[in-house]
Amino acid sequence: MSEQASSYFGPAKGNILERRPLVSNNRSMGWVTSHIAGMLESKTPVWWWVAVVLSAVVATLVPFELIYLVSTGVGIWGSNQPVSWAWDITNFVFWIGIGHAGTLISAILFLTRQKWRTSINRAAEAMTIFAVICAGIFPAFHVGRVWMAWYLAPIPNANAIWPNFKSPLLWDVFAVSTYFTVSLIFWYIGLVPDLATIRDRATGKFRKFVYGLFALGWRGANRQWRHYEKAYLILAGISTPLVLSVHSIVSFDFATSVIPGWHTTIFPPYFVAGAIFGGFAMVLTLMIPVRAIFGLHDMITRKHIDNMAKIIVLTGSIVGYAYLIELFIAWYSGNPNEWWAFLHNRVLPSAPYAWAYWMMMFCNVIAPQLFWFKWCRTNIIAVWIIVQFPNVGMWFERFVIICTSLHRDFLPSSWGMFVPSINDILLFVGTFGLFLFLFLLFLRFLPAITIFEVKAVLPEADPHYRDPHAEGAKH
Amino acid sequence: MKHIFQHPPETGTAKAYWRSVEDFSNTEQFQGWLNREFPQGASEFWGDGVSRRNFLRLMGASMALAGLGLSACRRPEAHIVPFSKTPEWQIPGRTLNFATSMPRRRGGVPLLVNSYSGRPIKVEGNPSHSLSLGKSDAFAQSSLLDLYDPDRSHRFVKAGSASNQEEFVKVLGELKQSWASSQGKGLAVLSEDNLSPTEDRLRAELAAKYPSSVWSYYEPALGSHDRAAAEAAYGKGARIKLDVEKASVILSLDSDFLGDEATLSSIRGFVQGRQVENADSPMNRLYVVESRYSSTGGMADHRLRLPASRIIAVAAALAKEIGAKNLPIFPDLPSLDIDPGWINEAAKDLIAAGSSALVVVGVGQPLQVHLAVLAINEALGARGNTFQVTRLERPDSVSLTDLVTKIRADEVTDLLVLGGNPVYNAPADLDWTSLQKSVKSVIRLGYYEDETSELSGWHLPQAHYLETWGDAVLQEGSHGCIQPLILPLHGGLSSIQLLGLLLDVPAGEGKIFVDGPELVKETFMRKAGAFATIFDFENAWNLFVRDGFLKDSAPRVETAAFAVSGTVVPATGREVSPAPLGKDNLEVVFIADSKVDDGRYINNGWLQEVPDVMTKLTWDNAALLSSKTAGELGIYSGVQVQGITADGVYYSDVITITVDGRSLDVPFLVVPGHPDYSITLPLGYGHEKTGRVGQGVGFNAYQLRTSTAPHLVTGATVVKTSAKRHDFAITQEHWSMEGRDIVREAPIAYYKDNPGFVRALGIESHTPENKSFYKTPAFDYVKYHQWGMTVDLTTCVGCNACVLACQAENNIPIVGKDQVKKGREIHWIRIDRYFAGSQRDIEMGKGIIPSDPEVVLQPVMCMHCENAPCETVCPVNATIHNEEGLNVMAYNRCIGTRYCANNCPYKVRRFNWFDYNQRQLDQLYWGPLGPKGVEETVKMSKNPNVTVRMRGVMEKCTFCVQRIETAKIDHKVKTQRTERKIPTDSLQVACQQACPADAIVFGDLSDPESRVNKLKKRQLNYKLLDYLNTQPRLSYLARVRNPNMKMPGAELVGMSLVNSRIHSHGGHHDVHGTSGDKPAEYSTEGRAH
């Protein structure tokens, strides 16, 4: 326990401010296990069936749209010349951004010993993986000839042609696939002890077998714990730079180009901040309903939500600062094309996409400032409503960067407009269906909260818990 | 039995350009080989004893060979070798070139057509003809697609149902009998005017055989006033021939002599006076008074916009200033609201130029203006220098109006319609539709089963000029040959074949129609007979066919006195209205469309999709008007160029134009620089029945056009049609350069004061030098060619020939109106058009359409950057640099990430969003559910040396890499690999080859002697967006104008960029070497030529 005490809620009692416990209501270890395992052991609730069927129906838009896309051509989207990338890459960056919070919570907060992460990291990591799956669909299928996309792999083919290692798009391929792989392993390794718990509690044979298979023979032995903790630490170490690198590299797609509005050195940190911002917003979007439905108030406490809201206001302000610096540099650089791209493509009311720019500004910079007010951070409904702004705003950020920069660049003769087609919209909606569908499956079949880690932050986990000798040591 | 070949003998004078093995053709070995029918054994075969085995073997081989090429080759009678037995000079994989001519209403265009295994695949200008010198134009380039148009008429139709040739011949035989007895009474022929000497000859014979028959010509877009004026001034048959290259001061009165009314020689002549090598180069000067903004107006040094019906006043004033004699009587008109100094100073400039001055006039102007212009030119002493009088005698014909009178009087029972489409395009007041119905039998020869065919008893398929023999009077008057390159694809006939049948010209054994050159040859013999020096007719004929024209056959220049009798007072008719123009008295100007002409090319997808140079409109026509007019009419709010919908599509409301009780619903386009109270209506659209490409495209302006005012009419009114919206497919939405240094220009005097102005205008002039840690590998200028290009912005007139030449050469598909609307046009070269503002147009800065802007054009294609942004970003190495400096595309490797297109600052990369080469354009969104594959004939038009791209790959200009490789291989073969590089400038890329202004120059930068190298050393040379350090291999030569400094507003001509750069940053002087906050000043002395 930390010596420095502070109060999150309510007036301080006595002279010393107690740190608010991470699991409230003095829940026991047994309660934690049975409550979390109960989420997947109880009778399947009706709402789950309704939700899973609905999301599956929406998710079928994805294969439908992809078949149409591949069989007919990229022309079914609204992209054109000069806006050759539009919703495809916007959606890709959007989903990749969402996929940031999970690994950040798991790895960086783990390394920095932020214990409050324990009750949200599992779900956030799952969200990461599903978001990266949704993200991957777009770059893979936005190409004109998907069946030739294997040219991106560094396989010297019959012509001995390698991919172009100078291309940021190739870096993307490596960055995203590495990120996905490491995130998946990290997530799975973290699941193993809990899978064993579920296995041990399982009543049916089949259930026991399947969970047993994935539990990899975990028995909770000391040696296993030692190996596990080391492996988890190493994976956290590997994941941490990836959290920063993947979105930096995604930003290189734009930053290394020559297009005004893209060609910006500020992009890597700005993208990473934006990704964490958007990722936390999505974690809250998902976890607040889950918390309510499964009654997880004791594990996902207001403190958790409060912490996440603070991160949102921090990253949102970083993003806002980046927007302003970008604008300032565009003017200060003296490059008329650069300044034009900001002023006439985005900022001025006469700009064709001014509405998108100001939408982004409002959602990402203004709206999260509400989290300065404590009431906004503690009222769960208010939090849920406010975090929808970053969700929308972060999509618009990518749209603004990609579309408004492309649609009017150097030669006015080649200026044009972008308008999404119905297929752009349906595919994007479909990925939301897919995302929710996968998340619902996750809630039903895997422990959505890390049982053993939550137990580790209970007071009982402290070896000196109720040790009379320790009583005095507290002061 | 042995077949004797009659190859045209080599002449000592002309080089045999078009034999692919030219270099060997004179060797003894080759000649010997040439004289043998079969390469080996066969010639010996006949002399010796024949074994049965040998006989069968050889016959079998011959049959097998015969089967190979029969389907696509015409078997000529004697003089060209049938492909059924592969001709000796045919090398598989190589093209053969044949000279021919394309018939046009203003005279034929001499061409050289490349044929690949019997398929014509590319049309070029005829390099040995002085008119062309290898150059061609948009219509010639795109005529190839017409040849392969699958929608062309391919059957004999009798009263709407399919028939056949035999039946037609039988019916015609009966008709001929009845004509024979009645001297041809009741027979009338209505024809397009192809200016064919053979047709003229047969016409005379027809008149002799059937003296009571009538012949009439109808060319809707061919004005009659120019000829009438010439004949009034110089006697019957007189024609005016312009020598623009000799003119140093030119004034155009509504003449688009560099655009829609251009000939190859007028463009070349004009740009020859604009070769700005340095600041002291002489430049001609162009004054333009015109209505709509034309290409000629875009080239003008001083442009005055006036309604077409007011230009007569300028002509009158000018004639007065210049002191012209023998003027026609001008109507009384309200005084002009223009600066009198304009006419005054222009007249002074013309007078100073004297015999090297030239005034030209547009076809649509009234007869008085034509007469006045002749008088002015005479008074200037220009005759014999900048214009000549020649004579073209033709048999008599009656006008369409006279023919109509005869039909109304029931004097016509049998009508022969040769080409044309009168039901669609006859003047509305004649009510041709019901007239044609009233004629007993109508036989129609046409390219399409169109509106006229529908109302004809018989429809016969017409053959394309590349399918039949024929001849033409070329644009400068010489006798041109039309020879077929392929058998008629759809069994079509030419008009002379039909006339031959009518005249019972013997067609040869077992044939109905003359399908050889006999008819043309006969004409040629008679014509050549006039040349006393030609004795060997057979040889002369062979030369004629080989060269494509008869040398020195242009009509002689005449010295007839200029004599307009004072009695020539033409009726002004509806063309000029004495009442002032206003929103209730608008004028309507009918023009031939820059793309589909008078409607004849409506089914040509290439022409439909090429953007009009000024409006950038594709797949449509629209009423063009000024923002002021539109504002007063209450049809337009006046801020943006046009409305843009949320989906980024340009649209306009539909308006109804009413003239004399006739009305037309048509969308409108507000065009900068258009005169007020004038509406320009391009003709040629709105067909009710034609091929699939042209069906239902645009609006039929012929509905407003009458025989009394075919080009210009006043008294029109406009109302907005309620709630109708029309979408346009416009390829360039933005019309301003926004002060960017894209097209750099200045007047020549400014250039003289600031020799380095071109560089000073660019961002790169005040950005620090690019420094990089990365050393870009240098190109090897010794071992390899280094390709580069320059485009001269001073001489580009925006004729679109390059765009279409590129389309034909590089198998570029069309994408259709819907895709162009979405911004997915796929042309590899585009002509950017910017309206450049000046101080007159303060509105410019406020986003309002400038009323009187200048125009600058800029052809843009792949720059082949040495430091190409597209290359670094391609993840699969599909676009890379080769050692010759070309930015090459590997279509096989491309997976279509489109990253390259995004990162291209010039936006020249084009993506195949759909399978444009495999899918029908109206069913692109159906994907695999729609039909796949294209018509066979369309496949035949493809260049076999260029990949046909599939969907999902990126493409762009390759600098015609196939031509480069062919030239290199040829040279390697020729020199037996002893020489590494091809000779200086021995290679032309397609756009360069077509460009009649010679504005595009391509060549080898590693060769110090190459033209491109010399051009790049000029002071005017600059690179587009140079500050990005892309190191483009294509550079531009800045535009230079030559204003007369005494003219009103002259100090602003060509200064828009210079001025805007000065003002763009609030007093910060962007133009180095100029000073002051006011517009840059420079010595304002008028420059001599």
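About the cut-offs
Residues numbered from 1 in each chain as written. Chains lettered and ligands numbered in written order. Predicted model: local features only at pLDDT ≥ 70, side-chain atom pairs only at ≥ 80, totals over all residues. Heavy atoms only, no water. Contact = heavy atoms within 4.5 Å. Buried area = accessible area lost by both parts, 1.4 Å probe. Salt bridge = Lys/Arg side-chain N within 4 Å of Asp/Glu carboxyl O. Polar contact = N/O pair within 3.5 Å; in protein donor to acceptor, adjacent residues only side chain to side chain. Helix = DSSP H or I, 4+ residues; strand = E, 2+ residues; numbered from the N terminus. Buried < 20%, exposed > 50% of the residue type's maximum accessible area, 1.4 Å probe, protein only. Pairing = 2+ DSSP bridges. Axes fitted to C-alpha atoms, helices over the stretch in contact; angles between N-to-C directions.

Draft legend 1. The interface of chain A and chain B, seen in detail. Counting from both sides, the interface comprises 61 residues of chain A and, opposite them, 62 residues of chain B. Between chain A and chain B, a total of about 5,000 Å² is buried, with carbon and sulfur atoms accounting for 55% of that surface. Three residues, Gln81, Arg145 and Leu411 of chain A, lead the burial of chain A against chain B; their summed loss comes to 15% of the area buried on that side. Run the count over chain A and chain B and you get 2 salt bridges. Where aspartate 88 of chain A meets arginine 898 of chain B, a salt bridge forms, and the shortest distance between an N and an O atom there is 2.8 Å. Run the count over chain A and chain B and you get 42 residue pairs in polar contact (both at pLDDT 80 or more). Listed by contribution, the elements that provide at least two residues to the side of chain A that touches chain B are helix H3 (61-72), helix H7 (168-201), helix H9 (222-255) and helix H12 (336-347) of chain A.

Draft legend 2. Region of the structure containing the pattern of salt bridges. All names here are of chain B. In total, this model carries 72 salt bridges over all chains according to the counting rule given. Across the pair aspartate 597 and arginine 105 runs a salt bridge, and its minimum N-O distance is 2.5 Å. Remark: arginine 105 occurs in the loop between strand S1 (95-102) and strand S2 (109-116) and aspartate 597 occurs in the loop between strand S19 (586-591) and helix H20 (605-609); sequence separation between them is 492 residues. With a relative accessible area of 6%, arginine 105 lands in the buried category. Between aspartate 515 and lysine 511 there is a salt bridge, with the nearest N and O atoms lying 3.1 Å from each other.

Draft legend 3. View of H12 of chain A. All names here are of chain A. Looking only at H12, the buried set comprises Asn337, Glu338, Trp340, Ala341, Phe342, Asn345, Arg346 and Val347. Against helix H11 (302-332), helix H13 (354-366) and helix H15 (380-407) lie the buried residues of H12. Its side-chain oxygen 2.9 Å from the backbone nitrogen of asparagine 337, asparagine 335 forms the N-cap of H12.

Draft legend 4. Summary view of the pairing of S1 of chain B. Residues and elements named next belong to chain B. Across the 8 residues of S1, 7 count as buried, placing the element largely inside the fold. Pairing geometry for S1 and S2, over 8 bridges, is antiparallel. From the neighbouring strand, methionine 102 faces S2, where its bridge partner is valine 109.

Draft legend 5. The sheet that holds strand S16 (residues 458-461) of chain B, seen in detail. All names here are of chain B. Taken in spatial order, the 7 strands line up as S5-S4-S16-S15-S14-S6-S7 in an open sheet, and their pairing is mixed. Every other strand in the sheet has two partners, leaving strand S5 (161-163) and strand S7 (214-217) as the edge strands with one partner each. With direction set aside, neighbouring strand axes in the sheet form an average angle of 20°. Bridge count for strand S6 (residues 187-191) against S7 is 4 bridges, and the pairing is parallel. Bridge pairing links alanine 188 to valine 214 in S7. In the packing of helix H6 (residues 197-209) onto the sheet, contacts are made with S6 and S7, and the angle to S7 comes to roughly 150°.

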